Amino acid sequence: MADNIARVFADAIAPDPTRPLLTWYDDASGERTELSGATLANWVAKTANLLVDELALGPGDTAAVLLPPHWQTAAVLLGCWSAGLTVVEQPGEVDVLFAAADRVTGADAWSAGDRYALALHPFALPLREVPAGFADYVTEVRAHGDHFGAYPPGGPTHAALHARATARAAELGITPGARVLIDVDALPDPVDWLLAPLTARATLVLCAHPDPTHLPTRTTTEKTTQTLP
């Protein structure tokens, strides 16, 4: 069993890094963003390098991720796990915190040495105004390298997370190699919308605020083979 979630991600993109791995829709805003495995891996590597090279973090350190389902959230989470960090869910003391710009007030419940805010802009543009006490994630992460090969052991927390994601993939009926359309409003847990599909080496079509009238066209144009939930 993988002792680092980064290996799960690497295995998922290995068959063809150029194919669409994660496609993001927000039917409320009309946004559509498509990332190949190689493109998402680039964002993941930059995030991991930010954590390791700039913040000197690694196995045993912790992160809080106060972000909704989004393709940039996938990059942040996978970057944290690639660096060997444990992503914690309960408020408390952590080494680094990532928050959406509209959720920074919720960060008050956390004690973090370094804090990054995300605009979650469709084109990954930086924030126009950075909240006090935060750095702009997009601005900071772009300065870091495109490759990250250290993959330190994630330890028991990563093994348990991998086991949980594998079990959840089976519960959701995600078949190996599927292209899965996921309603992230109904399945907001990243184990469901991110890790479970990756453990099955599936590709993801994520949709926030889904408009049911778009479903027939989307399943055709995206060539999805499963819809969740």
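Residues numbered from 1 in each chain as written. Predicted model: local features only at pLDDT ≥ 70, side-chain atom pairs only at ≥ 80, totals over all residues. Heavy atoms only, no water.

Caption draft 1: Broad picture of the packing of helix H2 (residues 37-54) against helix H3 (residues 71-82). In contact at an axis separation of 8 Å, H2 and H3 are set at 50 degrees when each is read in the N-to-C sense. Relative to H3, the element H2 is oriented oblique. Crossing geometry of H2 relative to H3 is assigned as right-handed. When H2 is examined against H3, the residues Leu40, Trp43, Val44, Thr47, Ala48 and Leu51 are found in contact with a partner set consisting of Trp71, Ala75, Val76, Leu78, Gly79, Cys80 and Ser82. (Axes fitted to C-alpha atoms, helices over the stretch in contact; angles between N-to-C directions. Helix = DSSP H or I, 4+ residues; strand = E, 2+ residues; numbered from the N terminus. Parallel < 35°, antiparallel > 145°, perpendicular 65-115°, else oblique. Left-handed = near helix turned anticlockwise from the far one by under 90°. Contact = heavy atoms within 4.5 Å.)

Caption draft 2: Seen up close, the pattern of salt bridges. For the structure shown, the criterion picks out 9 salt bridges. The partner of arginine 32 in a salt bridge is glutamate 222, and the shortest N-O contact between them spans 3.0 Å. Of this pair, arginine 32 sits in strand S2 (residues 31-36) while glutamate 222 sits in the loop between helix H7 (215-221) and strand S10 (226-228); the two residues are 190 residues apart in sequence, bridging distant segments of the chain. Classification of glutamate 222 as buried rests on a relative accessible area of 6%. (Salt bridge = Lys/Arg side-chain N within 4 Å of Asp/Glu carboxyl O. Buried < 20%, exposed > 50% of the residue type's maximum accessible area, 1.4 Å probe, protein only.)

Caption draft 3: Examining the nonpolar core more closely. Counting 64 residues, the largest nonpolar core has Phe98 and Tyr137 as the members making the most contacts within it. It is H3 that provides the largest number of residues to this core, a total of 8 residues. Within the second largest apolar cluster, 12 residues are counted, among which are Ala64, Leu66, Ala99 and Leu127. (Core = buried A, V, L, I, M, F, W, Y, C linked by side-chain atoms within 4.5 Å.)

Caption draft 4: Seen up close, the sheet that holds strand S4 (residues 86-87). Here we have 5 strands laid out as an open sheet, ordered S4-S3-S5-S6-S7, and parallel in their pairing. Edge positions in the sheet fall to S4 and strand S7 (135-136), since each of these pairs with one other strand and no more. Packing of H3 onto the sheet brings it into contact with strand S3 (62-66), S4, strand S5 (93-100) and strand S6 (111-118), and relative to S3 it is tilted by some 170 degrees. (Pairing = 2+ DSSP bridges.)

Caption draft 5: Just the sheet that holds strand S1 (residues 20-26), in detail. Within the open sheet, the 5 strands sit side by side as S2-S1-S9-S8-S10. Their pairing is mixed. The sheet is open, and its two borders are formed by S2 and S10, each paired with just one other strand. The average undirected angle you get between the axes of adjacent strands in this sheet is 15 degrees. Looking at chain direction, S1 and S2 are connected through 6 bridges and run antiparallel.

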